[in-house]
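Residue-level listing of the chains:
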Protein chains: 2
Amino acid sequence: MAEIKLLGLDPGLRITGWGVLAVNGNRLRHIADGVVAVAASGTLADRLARLYRGLESVVETHMPDEVAVEETFVNRNAASTLKLGQARGVVMLVPALASLPVFEYSANLIKKSVVGTGHATKDQVAMMIRTLLPGARLERADAADALAVAVCHAHHRGALARRLLAEVSPRPGKIAAKVAG
Amino acid sequence: MAEIKLLGLDPGLRITGWGVLAVNGNRLRHIADGVVAVAASGTLADRLARLYRGLESVVETHMPDEVAVEETFVNRNAASTLKLGQARGVVMLVPALASLPVFEYSANLIKKSVVGTGHATKDQVAMMIRTLLPGARLERADAADALAVAVCHAHHRGALARRLLAEVSPRPGKIAAKVAG
């Protein structure tokens, strides 16, 4: 089975974490991680444009096959939710305009996939990412979170594919085994 | 004084209203209005990409000089605020990537500029827009709201320019009069 490149994204207006890994069957390999940092100066529109260009360059550099984005946590004040929403719209747009499939995962499912519990701390996530993906730079916590999104998608994309194939195939078991590599 | 083209935008994930008008001194002239409607089918990323392409085509067709966007009302449930935020991020991004200046106005100020009171109803706004801008199509209320944003910006951009010039000029009064046309 061919290697697939996954890009994980953790959106924010000031700092958007990103992480790229390769998945081949059950094997994960770290490729790159970092953040797109946008200074708080200038108008909101300018900041969104800078975020867009930063992410566009990440996508052009790493050419992922699939993209996974953390679902935004909305249980905070409305002004913050709106800000984050604006950044998140731009973050999801970049891969969508490149015709890449974009998947969304809740923070709870991401933590559960990586650490084993939905209530893991940021430090636990980063520690686990270092264990799963030796070579991760993780200069910032946001990059660890982004790699965690990619790991979560790596775990779930097989199941997604199996479900889709089961709907079209008379022998889902056989084909599913192939997809799962 | 040269004619300036203003694009007003009223963002939404399903329906984004847009309206273009020309301003020359105190005179306003309707140019075009409409909506970018995005069907609720497909993933969020796909929908944001369709919204982006729809607005991009409006900007390319009408080539505005300045863009004004309605500030989003956040006093509702967090999930709606997030959705609207995502659409709004994309809506503001389109002119920003085209290097156009983007201004934001609160719904209250927009209504006050157009109708005279911040508590005007949607119908009152549409009626006033029809009076101010004969020729407006206004097939949908969202287009009237977008033209209202543009009208609001037309009223306030002179004051903005005066304030900016006052900061750099030893004779702000003289220059301000020129700017106001």
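Everything that follows concerns the structure shown earlier in this document.
Residues numbered from 1 in each chain as written. Chains lettered and ligands numbered in written order. Predicted model: local features only at pLDDT ≥ 70, side-chain atom pairs only at ≥ 80, totals over all residues. Heavy atoms only, no water.

Enquirer: In this structure, what is going on with the overall build of chain A? I would like to understand it.
Expert: A count of helical and extended segments in chain A gives six helices and five strands. For chain A, the N- to C-terminal ordering of α and β elements is β-β-β-α-β-α-β-α-α-α-α. Per-residue burial for chain A yields a buried fraction of 49% across its 181 residues. Across chain A, the fraction of contacts at a sequence separation of at least 24, relative to all contacts at a separation of at least 6, is 58%. (Helix = DSSP H or I, 4+ residues; strand = E, 2+ residues; numbered from the N terminus. Buried < 20%, exposed > 50% of the residue type's maximum accessible area, 1.4 Å probe, protein only. Contact = heavy atoms within 4.5 Å.)

Enquirer: What is the right way to read the pattern of salt bridges from this model?
Expert: Pairs can form between side chains of opposite charge whenever their charged atoms are close. Residues and elements named next belong to chain A. In total, this model carries eight salt bridges over all chains according to the counting rule given. Linking Arg 88 and Glu 104 is a salt bridge whose minimum nitrogen-to-oxygen distance equals 2.8 Å. A residue pair is termed long-range when its members are at least 10 positions apart, and Arg 88 in helix α2 (residues 78-97) and Glu 104 in strand β5 (residues 102-105) qualify at 16 residues. Residue classification places Arg 88 among the buried positions, given a relative accessible area of 1%. (Salt bridge = Lys/Arg side-chain N within 4 Å of Asp/Glu carboxyl O.)

Enquirer: I keep staring at the interface of chain B and chain A and nothing clicks. Help me out?
Expert: Reports often express the size of an interface as the amount of accessible area lost when the parts come together. Tallying the contact residues gives 22 residues for chain B and 22 residues for chain A. Between chain B and chain A, roughly 2000 Å² of surface is buried when both sides are summed, and carbon and sulfur atoms account for 76% of that area. Where chain B meets chain A, there are zero salt bridges. Counting residues per element, the ones that place at least two in the side of chain B that touches chain A are α1 (44-62), α2 (78-97) and β5 (102-105) of chain B. Classifying every residue of the side of chain B that touches chain A by side-chain character gives 14 nonpolar, five polar and three charged. (Buried area = accessible area lost by both parts, 1.4 Å probe. Nonpolar A, V, L, I, M, F, W, Y, C, P; charged D, E, K, R; others polar.)

Enquirer: Can you walk me through the pairing of strand β2 (residues 15-24) of chain A in this structure?
Expert: Every other side chain in a regular strand lies on the same face of the sheet, so the side chains alternate between the two faces. Residues and elements named next belong to chain A. With respect to burial, β2 is a largely interior element, nine of its 10 residues being buried. In the sheet, strand β1 (residues 4-10) pairs with β2 via seven bridges, with the strands oriented antiparallel. Bridge pairing links Leu 7 to Val 20 in β2. With antiparallel pairing between neighbouring strands as the criterion, β1 and β2 make up a hairpin whose turn holds four residues. As consecutive antiparallel partners, β2 and strand β3 (residues 27-37) are separated by two residues, and within that stretch Gly 25 has a phi angle of approximately 65°, a positive value. (Pairing = 2+ DSSP bridges.)

Enquirer: Teacher, can you tell me more about the sheet that holds β5 of chain A here?
Expert: Neighbouring strands of a sheet are bound in pairs by backbone hydrogen bonds; such pairs are parallel or else antiparallel. Residue and element names in this part refer to chain A. The strand order across the open sheet formed by five strands is β3-β2-β1-β4-β5, and the pairing between neighbours is mixed. Because the sheet does not close on itself, it has two edges, and the strands there are β3 and β5. Pairs of neighbouring strands in the sheet enclose a mean axial angle of 20°, with direction left out of account. Relative to strand β4 (residues 66-70), β1 runs parallel, the two sharing four bridges. Counted as the bridge partner of Leu 6 is Glu 66 from β4. Along the sheet face, helix α1 (residues 44-62) touches β1, β2 and β3 and points at about 155° away from the line of β3. (Axes fitted to C-alpha atoms, helices over the stretch in contact; angles between N-to-C directions.)

Enquirer: Got a minute to help me understand unusual backbone geometry in this structure?
Expert: A negative phi angle characterises most non-glycine residues, just as the trans form characterises most peptide bonds. Residues and elements named next belong to chain A. Positive phi values are uncommon outside glycine, yet Met 63 reaches one of about 40°. Mapping Met 63 onto the fold places it in the loop between α1 and β4. For Met 63, a relative accessible area of 60% gives the class exposed.

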